[in-house]
Amino acid sequence: MKVDFHCHSTASDGSLSPEALLALAQQHQVEMLALTDHDTTAGYRSLIEPAKAAGIHLISGAEISCQWLGQTIHIVGLDFDDENPVLQQGLAHIREARKIRAQQILDKLSTKANTHLQQLPAHVERLVGDGVIGRGHIAQAMCQLGLVSHNAQAFDRYLKRGRPGYVAAQWPELAEVVQWITQAGGLAVVAHPGLYGLTSNKLNRLLEGFVAAGGQGLEVVNAPRANAEQVGMAQRAQRFGLYASLGSDFHHPQQSWRGLGWLAPLPKGCVPIWQAFKPAAVIPI
Ligand code: AMP
Ligand code: MN
Ligand code: MN
Ligand code: MN
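If you're wondering where the values come from, they're calculated on a predicted model, not measured in any experiment. For every chain, the first residue of the written sequence is number 1, and numbering continues from 1 onward in sequence order. Written order decides the labels, with chains lettered from A and ligands numbered from 1. Only residues with pLDDT of at least 70 get local features here, since the model is predicted, and only at 80 or more are side-chain atom pairs given and counted; chain-wide, interface and lining totals rely on the full set of residues. Only heavy atoms go into the side-chain values, all of them from the structure, while hydrogens and water stay out.

Caption draft 1: A look at the overall build of the chain. Secondary structure elements are defined from DSSP: runs of H or I of at least 4 residues count as helices, runs of E of at least 2 residues count as strands, and each element is numbered from the N terminus. The helix and strand tally for the chain stands at nine helices and eight strands. Our radius of gyration is a C-alpha quantity, and the globule rule it is checked against amounts to 2.2 Å times the number of residues to the power 0.38. For 285 residues, the compact-globule formula gives about 19 Å, and the C-alpha radius of gyration of the chain, at 19 Å, lands near that figure. Looking at the chain as a whole, 53% of its 285 residues are labelled buried. The charged-residue count follows a simple rule in which Lys and Arg add positive charge and Asp and Glu add negative charge, with His and chain termini not counted at all. A single reference atom marks each charge: NZ on Lys, CZ on Arg, CG on Asp, CD on Glu. Within the chain, the 23 negative side-chain charges are centred at a point lying 10 Å from the centre of the 23 positive side-chain charges. Relative accessibility decides the category of a residue: with a 1.4 Å probe and only protein chains considered, values under 20% of the type maximum give buried, values over 50% give exposed, and everything between is partly exposed.

Caption draft 2: Quick peek at the environment of cysteine 7. One can find cysteine 7 in the loop between β1 (3–4) and α1 (18–27). Judged by relative accessible area, cysteine 7 falls into the buried class, the value being 0%. Remark: the alpha-carbon pair of cysteine 7 and serine 248, spanning 241 residues in sequence, is separated by 6.4 Å. Every residue pair with non-hydrogen atoms within 4.5 Å of one another is taken to be in contact. Setting aside chain neighbours within four positions, we find cysteine 7 in contact with Leu21, Leu33, Ala34, Leu35, Thr36, Asp37, Asp249, Phe250 and Leu260.

Caption draft 3: A look at the coordination of the manganese ion (ligand 2). Around the manganese ion (ligand 2), the protein supplies Asp13 (OD), His38 (NE2) and His251 (NE2) as donor atoms, at distances of 2.1 to 2.2 Å. Each metal's donors comprise the N, O and S atoms found within 2.8 Å of it (within 3.2 Å for Na, K or Ca). Water is not part of the atom list, so some coordination spheres may appear incomplete. Mapping the donors of the manganese ion (ligand 2) onto the primary sequence gives the spacing D-x24-H-x212-H. Between the manganese ion (ligand 2) and the manganese ion (ligand 3), the interatomic distance is 5.6 Å. With a gap of 25 residues between them, aspartate 13 in the loop between β1 and α1 and histidine 38 in the loop between β2 (32–34) and α2 (42–54) connect regions that are remote in the sequence. For histidine 38, a relative accessible area of 8% corresponds to the buried category.

Caption draft 4: Quick look at the environment of alanine 42. On the secondary structure map, alanine 42 appears in helix α2. Remark: the alpha-carbon pair of alanine 42 and valine 132, spanning 90 residues in sequence, is separated by 9.6 Å.

Caption draft 5: Representation of the packing of helix α3 (residues 85–110) against helix α4 (residues 115–128) in the model. Fitted lines through C-alpha atoms give the axes, limited to the stretch in contact for helices. The angle between two N-to-C directions lies from 0 to 180 degrees. Their axes nearest at 7 Å, the elements α3 and α4 cross at an angle of 155 degrees. If you check the angle between α3 and α4, you find them roughly antiparallel. The way α3 lies across α4 gives a crossing that is left-handed. Within the contact between the two elements, α3 uses Leu106, Leu109 and Ser110 and α4 uses Leu117, Gln118, Leu120, Pro121 and Val124. Considered class by class, the residues forming the contact of α3 with α4 number six nonpolar, two polar and no charged. Small angles under 35 degrees read as roughly parallel and large ones over 145 as roughly antiparallel, with 65 to 115 read as roughly perpendicular and the rest as oblique. Handedness of a crossing is defined here by the sense of rotation of the near helix relative to the far one, left-handed for an anticlockwise turn of less than a right angle and right-handed for a clockwise turn. Residues are sorted three ways: Asp, Glu, Lys and Arg are charged, Ala, Val, Leu, Ile, Met, Phe, Trp, Tyr, Cys and Pro are nonpolar, and all the rest, Gly among them, are polar.

Caption draft 6: View of the sheet that holds strand β3 (residues 57–59). Paired strands are those between which DSSP finds at least two bridges. Pairing is parallel in the open sheet, where three strands are placed in the order β1-β2-β3. Of all the strands in the sheet, just β1 and β3 have a single pairing partner and so form its edges. The pairing of β2 with β3 spans three bridges and is parallel. In the strand pairing of β3, alanine 34 is matched with isoleucine 59.

Caption draft 7: Structural view of α3. Helix length check: α3, at 26 residues, gives a terminal C-alpha distance of 37 Å against a target of 38 Å (1.5 Å per residue), a fit within 8%. Of all the positions in α3, only Leu87, Gln88, Gly90, Leu91, Ile94, Arg98, Arg101, Ala102, Ile105, Leu106 and Leu109 are classed as buried. Measuring from the backbone nitrogen of valine 86 back to the side-chain oxygen at the start of α3 gives 3.2 Å, which picks out asparagine 84 as the cap. In a helix, the anticipated span is given by 1.5 Å times the number of residues less one. Think of a polar contact as two N or O atoms within 3.5 Å of one another; within protein, one of them needs to be a possible hydrogen donor and the other a possible acceptor, and neighboring residues in sequence only count if both atoms come from side chains.

Caption draft 8: Structural detail: the nonpolar core. The set of buried Ala, Val, Leu, Ile, Met, Phe, Trp, Tyr and Cys residues whose side-chain atoms join them within 4.5 Å is what this entry labels a nonpolar core. In terms of nonpolar packing, the biggest core is built from 51 residues, with Phe5, Ile64, Ile75, Leu78, Leu174 and Val220 touching the most fellow members. Looking at which element gives the most residues to this core, the answer is helix α7 (residues 174–183), with five residues.

Caption draft 9: Highlighting the coordination of the manganese ion (ligand 4). Bound to the manganese ion (ligand 4) on the protein side are His6 (NE2), His8 (NE2), Glu63 (OE) and Asp249 (OD), at distances that span 2.1 Å. Mapped onto the sequence, the donors of the manganese ion (ligand 4) take the spacing H-x1-H-x54-E-x185-D. The class for histidine 6 is buried, based on a relative accessible area of 0%.

Caption draft 10: Examining the site of ligand 1 more closely. In these notes, residues near a molecule or strand are those with any non-hydrogen atom within 4 Å of it. Every residue lining ligand 1 is accounted for by Asp13, His38, Arg98, Arg101, Gly134, Arg135, Asn151, Ala152, Phe155 and His251. Within the side chain of aspartate 13, one N or O atom sits 3.1 Å away from an oxygen atom of ligand 1. Contacts to ligand 1 include arginine 135, whose side-chain N or O atom sits 2.8 Å from an oxygen atom. Burial of ligand 1 by the protein chains amounts to 72% of its free accessible area of 500 Å². Per-residue and other accessible areas follow the Shrake-Rupley method at a 1.4 Å probe size, with only the shown protein chains counted as cover for residues.

Caption draft 11: Looking closely at the packing of helix α5 (residues 135–144) against helix α6 (residues 151–159). In contact at an axis separation of 9 Å, α5 and α6 are set at 105 degrees when each is read in the N-to-C sense. On the basis of their axis angle, the class for α5 and α6 is roughly perpendicular. Only Asn151, Ala154, Phe155, Tyr158 and Leu159 of α6 make contact with α5, whose side of the interface consists of Arg135, Gly136, Ile138, Ala139, Gln140, Met142 and Cys143. Per-class residue counts for the contact of α5 with α6 are eight nonpolar, three polar and one charged.

Functional significance is not addressed by these values, which are geometric in nature.
Shown next as structure tokens:
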């Protein structure tokens, strides 16, 4: 079965509209999909009816920013009640923090004697539209202005910790975010566990704290091809009693190394996260 439980649309820092993303999922024969925009469910909401018409099993989702021991961690929430007030208030709070941080980043960069940097805010605003602002938009605007040749370069030169456009974000604590998700009836999943640069020991400590807070899943597969990291993550999922999730973290169709639903199968011994999903609502005739 082809699934993807981690991807982005124009509701956050992706470049396809939710509808275009759904069409791509259909084209790639993705049967179960979760749109997990950063700190918003607006895109998910807009797809509920279209997904039914397209015959795709759409799972509610969001990728939520939080911190653990001062480090930013992303938690994917899946299969929650999208109308839950505690969850929605939490997300609204993070979106405010995102706006404040983005303004601080742009202010910092505009003090540089570079006319392109001074043009950034207008470009960023156009790219964000009515979506949730993120550093991805600033990176894309930098590409458009010719300041950098690709997004990763924007992070390396300007946006990551230690660079001139870095501003530490004030995200909620991991345990709090896990609680928002679980009290809304959902499953909390540690997103792309290999991306944080944690030592094996520290990752294990993170998972211990995550499980203690009520977390239930680990994103074991993020890549199109099977690799050793996935096997290590599958072992951790088993050790900590976590369901295994898969997600491409798709943002842009131009990223040729990433495709919606283009994912290696879960390694042996994993319990797939969809086994924990609530059954799709039965529509009365
Ligand atoms: P934010 O949540 O606003 O701090 O931005 C995080 C997002 O920026 C991630 O979800 C990615 O979309 C993007 N991002 C982070 N690091 C990089 C990188 N090195 N290269 C390209 N995109 C990145
Ligand atoms: Mn992103
Ligand atoms: Mn992420
Ligand atoms: Mn993501």
